[in-house]
Structures are given as C-alpha cells and as structure tokens.
Amino acid sequence: METKEFDLFQIHSRNYLEMAMRTDRHEAPANPDGYGKRTGDCGDTVEMFLIFRYGRIQNVSFRLNGCLNTNACANTIAQLAEGKSLEEAWKITPEDVINYLETLPKSHYHCAELAVGAFYLALAEYSRLNRSAPYRWRK
Ligand code: FES
C-alpha cells in the first residue's frame, strides 16, 4: 500500500511557513491598550492584545485556540500592524493577510477573517478607551 506523505515545506510559501511556525507572540500582557476576543463558527478562538506607544502600535501578541493556519494569520496581522497608527491599522484586511501568506488554503480563508475580527475588536477597544481618557496614552 502506498503512503502519501503530506509535506508542509513543499506546498507552502516561505512567508506562510515563517508565520505558521512562530510562537514568540503567544502571550497575554497584563495591561494591554486594546484587547479583542472572537470565536468563529468553527469553534476556534483568537484573543489579540495591543500595546501602543505615542499613538502607534508597538506590540501585538495573541493567544489562540485554533489551527496552524490561524497562527499564521495572527502572526501576519502582528507583522503588518506593528509600527502603524490606529487609522492605518484599521485598513488591514483579511485579503492583506491572505496575500501576504500566498498559500493559505482557500478552505481556511475564514481563519484570516477570524484573526482580523479579533484584531478589529482590540482596535475598537483602544479607540473607545482613548476617546474617553486620552491621558492613558503611553509615552
Ligand atoms: Fe477555525 Fe482556523 S480552522 S479559524
């Protein structure tokens, strides 16, 4: 009987592999400036934590209960978002994540939507907190 091996390294882009394998952003800072949590129809959950400095995203970290594709998507969002202002960060879309990764399977495009959804919730919280208390801005 022939065994078909599934070789992740043969079928995926370098960007995908880098983003899928990274685990150094798996953390939950105690006092994030923005926090968002979203659970998808598939049952996976992404939590995003944002740290801002001088009005720009300094650090994005996350916790997830999800698949390798979701990890790749969350890492991509972090990479795209760090250094951006709030206005610039709102422009990051699931399509940006899919384009960056190049080989995210079509059947997992919802992972990009889920991760971006959690990211948007974190941006919304940051926005809400800073509209009512601008002195919270970290320097
Ligand atoms: Fe559910 Fe990836 S399979 S978000």
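Just above, that's the structure.
Residues numbered from 1 in each chain as written. Predicted model: local features only at pLDDT ≥ 70, side-chain atom pairs only at ≥ 80, totals over all residues. Heavy atoms only, no water.

Student: Explain the overall build of the chain here, please?
Tutor: The helix and strand inventory of the chain stands at six helices and three strands. Across the chain, helices and strands are ordered from the amino to the carboxyl terminus as α-α-β-β-β-α-α-α-α. A buried classification covers 43% of the 139 residues belonging to the chain. Residue pairs in contact within the chain that sit at least 24 positions apart in sequence constitute 63% of those at least 6 positions apart. (Helix = DSSP H or I, 4+ residues; strand = E, 2+ residues; numbered from the N terminus. Buried < 20%, exposed > 50% of the residue type's maximum accessible area, 1.4 Å probe, protein only. Contact = heavy atoms within 4.5 Å.)

Student: Explain a nonpolar patch on the surface here, please?
Tutor: A contiguous nonpolar surface patch, about 300 Å² in accessible area, is contributed by Phe9, Met21 and Leu68. Relative to the helices and strands, Met21 resides in helix 2 (residues 14-21). With relative accessibility at 41%, the residue Met21 sits in the partly exposed group. (Patch = residues over 30% accessible without salt bridge, like charges linked within 9 Å, V, L, I, M, F, W, Y side chains within 5 Å. Areas by Shrake-Rupley, 256 points an atom, 1.4 Å probe, with all protein chains shown as cover. Salt bridge = Lys/Arg side-chain N within 4 Å of Asp/Glu carboxyl O.)

Student: Honestly, the side chain of Thr70 in this entry has me stumped. Any pointers?
Tutor: Among the secondary structure elements, Thr70 is positioned in helix 3 (residues 68-81). By relative accessible area, which is 1% here, Thr70 ends up buried. Look past the residues within four positions of Thr70 in its chain and what remains in contact with it is Asp44, Val46, Leu64 and Cys111.

Student: Help me understand the packing of helix 2 against helix 3 in this model?
Tutor: Between two packed helices, what matters for the description is the angle formed by their axes and the separation of those axes. Between helix 2 and helix 3, the shortest axis-to-axis distance is 7 Å and the interhelical angle comes to 100°. By the angle between their directions, the pair helix 2 and helix 3 is classed as roughly perpendicular. Facing Tyr16, Met19, Ala20 and Met21 of helix 2, the residues of helix 3 in contact are Leu68, Asn69, Asn71, Ala72, Asn75, Thr76 and Gln79. For the contact of helix 2 with helix 3, the class distribution of residues is six nonpolar, five polar and no charged. (Axes fitted to C-alpha atoms, helices over the stretch in contact; angles between N-to-C directions. Parallel < 35°, antiparallel > 145°, perpendicular 65-115°, else oblique. Nonpolar A, V, L, I, M, F, W, Y, C, P; charged D, E, K, R; others polar.)

Student: It is not clear to me how unusual backbone geometry should be interpreted in this structure. Could you clarify?
Tutor: What is expected of a backbone is that most residues other than glycine have negative phi and most peptide bonds are trans. In the Ramachandran plot, Tyr54 falls in the positive-phi region, its phi being about 50° despite a non-glycine side chain. Considering the arrangement of structural elements, one finds Tyr54 in the loop between strand 2 (45-53) and strand 3 (56-65).

Student: Even after reading the chapter, I still don't get the packing of aromatic side chains, so can you show me in this structure?
Tutor: The geometry of an aromatic ring pair comes down to the distance between the two centres and the angle between the two planes. One pass over the structure, following the stated rule, counts four aromatic pairs. Aromatic pair Tyr35 and Phe49: ring centres 5.2 Å apart, planes at 45°, arrangement tilted. Of this pair, Tyr35 sits in strand 1 (residues 34-39) while Phe49 is found in strand 2, placing the two residues 14 residues apart along the sequence. With a relative accessible area of 27%, Tyr35 lands in the partly exposed category. Measuring from ring centre to ring centre gives 6.5 Å for Phe119 and Tyr120, while their planes differ by 40°; the resulting arrangement is tilted. Given the relative accessible area of 0%, Phe119 is considered buried. Cluster of aromatic residues (ring-pair linked, three or more members): Trp90, Phe119 and Tyr120. (Phe/Tyr/Trp six-rings, centres within 6.5 Å; stacked < 30°, edge-to-face > 60°.)

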